Amino acid sequence: MPAGNTPRDTTAGDFNRDGILDLAVAELGLGQVRIVLGTGGGGSRYDRSYAAGGLPVSLLSEDFNVDGIPDLAVATMSQTLGILLGKGDGTFAPVTVYAAGAQSYRVVSGDLNGDGKLDLVTADYSSSTLGVYFGKGDGSFQPRQALYAGPGSMGVTISDLNGDGRLDLATANYDGHTLSVLLGKGDGTFQSPVIYLTGGRVQYVTAGDLNRDGVVDLAVANYSNNAIGIFFGKGDGTFWPVVQKPVGTLPWTVAITDLNLDGFADLVAVNQLSQTVGVLLGQGNGEFENVVSYATNGEPRGVLPVDWDGNGTPDLIVVNESKGSLLVYRNLALPADPHLAITMPATVDLNQAMVGTTFEVTVTALDELDQVAADFRGEVHFASSDQFGGLPSDYTFTELDAGVHTFMVTLHTGGLQTISATLVGSRPNIVAGATVDVNLPAVSLAPQPSIPVGNTPRDVTAGDFNRDGILDLAVADFGLAQVRILLGTGGGGSRYLQSVAAGGLPLSLLSEDFNVDGIPDLAVATMSRTMGILLGKGDGTFAP
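Residues numbered from 1 in each chain as written. Predicted model: local features only at pLDDT ≥ 70, side-chain atom pairs only at ≥ 80, totals over all residues. Heavy atoms only, no water.

Now for the pairing of strand β3 (residues 32-40). Most of β3 sits inside the fold, with 8 of its 9 residues counted as buried. By the bridge criterion, 5 bridges tie strand β2 (residues 22-27) to β3 in an arrangement that is antiparallel. Within β3, the residue paired with Glu 27 across the bridge is Gln 32. Counted along the chain from β2 to the antiparallel partner β3, the turn is 4 residues long, and its residue Gly 31 has a positive phi close to 65°. Across 8 bridges, the pairing between β3 and strand β4 (residues 43-51) is antiparallel. Each bridged residue has a counterpart across the sheet, and for Gly 38 the counterpart in β4 is Ser 44. (Buried < 20%, exposed > 50% of the residue type's maximum accessible area, 1.4 Å probe, protein only. Helix = DSSP H or I, 4+ residues; strand = E, 2+ residues; numbered from the N terminus. Pairing = 2+ DSSP bridges.)

A contiguous nonpolar surface patch, about 460 Å² in accessible area, is contributed by Leu 510, Phe 514, Met 531, Ile 533 and Leu 535. Exposure remark for Ile 533: the relative accessible area of 39% places this residue in the partly exposed category. (Patch = residues over 30% accessible without salt bridge, like charges linked within 9 Å, V, L, I, M, F, W, Y side chains within 5 Å. Areas by Shrake-Rupley, 256 points an atom, 1.4 Å probe, with all protein chains shown as cover. Salt bridge = Lys/Arg side-chain N within 4 Å of Asp/Glu carboxyl O.)

Tallying each qualifying case throughout the model produces 9 salt bridges. Note that Asp 9 is salt-bridged to Arg 106, the shortest N-O span being 3.4 Å. Separated by 97 residues along the polypeptide, Asp 9 in strand β1 (residues 7-13) and Arg 106 in strand β9 (residues 104-110) bring together distant segments of the chain. For the residue pair Asp 9 and Arg 106, the accessibility class agrees, reading buried in each case.

In this model, Val 66 sits at a positive phi of 55°, which is unusual for a non-glycine residue. In this fold, Val 66 is placed in the loop between β5 (56-62) and β6 (71-76). Exposure remark for Val 66: the relative accessible area of 66% places this residue in the exposed category. The backbone of Leu 261 shows a phi angle near 55°, a positive value even though the residue is not glycine. In this fold, Leu 261 is placed in the loop between β21 (251-257) and β22 (266-271).

As summarised here, the arrangement of the 3 strands in space is β40-β41-β42, forming an open sheet in which the pairing is antiparallel. Bordering the open sheet on either side are β40 (506-512) and β42 (531-534), each of which pairs with just one other strand. Averaged over all pairs of adjacent strands, the angle between their axes in this sheet comes to 20°, without regard to strand direction. Note that β40 and strand β41 (residues 521-526) share 6 bridges and pair antiparallel. The residue bridging Leu 509 from the neighbouring strand is Val 524, located in β41. (Axes fitted to C-alpha atoms, helices over the stretch in contact; angles between N-to-C directions.)

Summarising the element assignment, Asn 271 is placed in strand β22. Of the residues examined, Asn 271 reaches a relative accessible area of 0% and is grouped as buried. Within the structure, Asn 271 has its side chain in polar contact with the backbone oxygen of Val 247 (distance 3.2 Å). Setting aside residues up to four positions removed in sequence, Asn 271 forms contacts with Val 247, Gly 248, Thr 249, Leu 250, Pro 251, Thr 276, Val 277, Gly 278 and Pro 300. (Polar contact = N/O pair within 3.5 Å; in protein donor to acceptor, adjacent residues only side chain to side chain. Contact = heavy atoms within 4.5 Å.)

Next up, the structure:
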């Protein structure tokens, strides 16, 4: 999929809360963050781009202000860290910029001081420091605190490396040919770095249990040795010497995931010079099968293991910098049993936004061979990008459904909208989604005879003032300091009823029921340092 000018990194989150993963892309060439909304089944559409506050190279999606909506952190080459707070509809507030070290190649998050709020750490290559930003819990952060880890730190990861419940740091030091481990004290401070030789220039580090001993291990992208370097943990925050696993020429990024769902951690690297994705399947004991390579036909910079098509197996999204694209490698391992499919019309017509448009959505449970799973008894949950949509309640399939059930959905918002069904309790989430184009009604305005409204009218409001089921109008008659009442007669007709003193020269009108008697009243803002209140009587007239 297109990813703009010189993409360098990508991250995923449900930015519009429709139950389907979306992507954000660090677009280095234009200094932007590009938002790509998922449409279900591996589909996507470009939404819009936002200023990144610098030239972005690393992205992170987390909820920094604890409002249930994913936000973005952006590490840049421009001595800045950008924060974009999500609005929940797929859009983001403008970037807030914080001063950073020189050339921040990576940003990661975790609660470093135990206050329950997410903090951020950047790896600042040219400064040879880490930048620590303590979160305030409202989406803002304290100014950067510099922390030395090693010469030319390009990668950083956060994990509990010694099992004490406190988060620690590990950094990949490109210039130093080293890995640094900084054990956390739980209050936001760290012990002095312990240095491990990597045998080459390393620029990315990630953490995971690679040999199923319950201890966190570390893997680095060994750029100059064309290998992934593995440091097996001892459980006390120290590590055995590096073990090199050949993977391809000039590996840039490494990720840990379980691609074949065998419960063993696998390794994935993107290799800049050989233009490949290298996959090493784990055997569960720290050993790995020989690398299997997949061509990228361009220089890859990042890889994101994520279930992009929602069938329960992790796919690989590769950032292809030289081609300006994201490559999606769909996992051909058998999908989770069961998984879901969702079908609905491609287009529907929206006649009235308040009433909405109602149509059928069918959810089908499938087995590992993509056949209908007639014995499915799972529970499904619905979500939609239309925040005003009417969705079915969570539903548990029964024997009578035989794996297929049709629901009614109502949407109120025009344009492309997504609807998803998620299998409740599934890990990872089994989700299916589809997109519908909600057509807005054609707008045609025909000129009508003008209605006399007095001397210098300035505003108008509507309400059923005489309770006959037909809208009436009130007009701010500025020139005569009056409110003019026009009763609707149906079919667009009207008749003048009366004028009421406004208490000043009226500019603005509001119709609401202020005394809760079921009759519309009027509030009048004036140029005369007054505000007038006219209580309705229910027959179209108003009290003074």
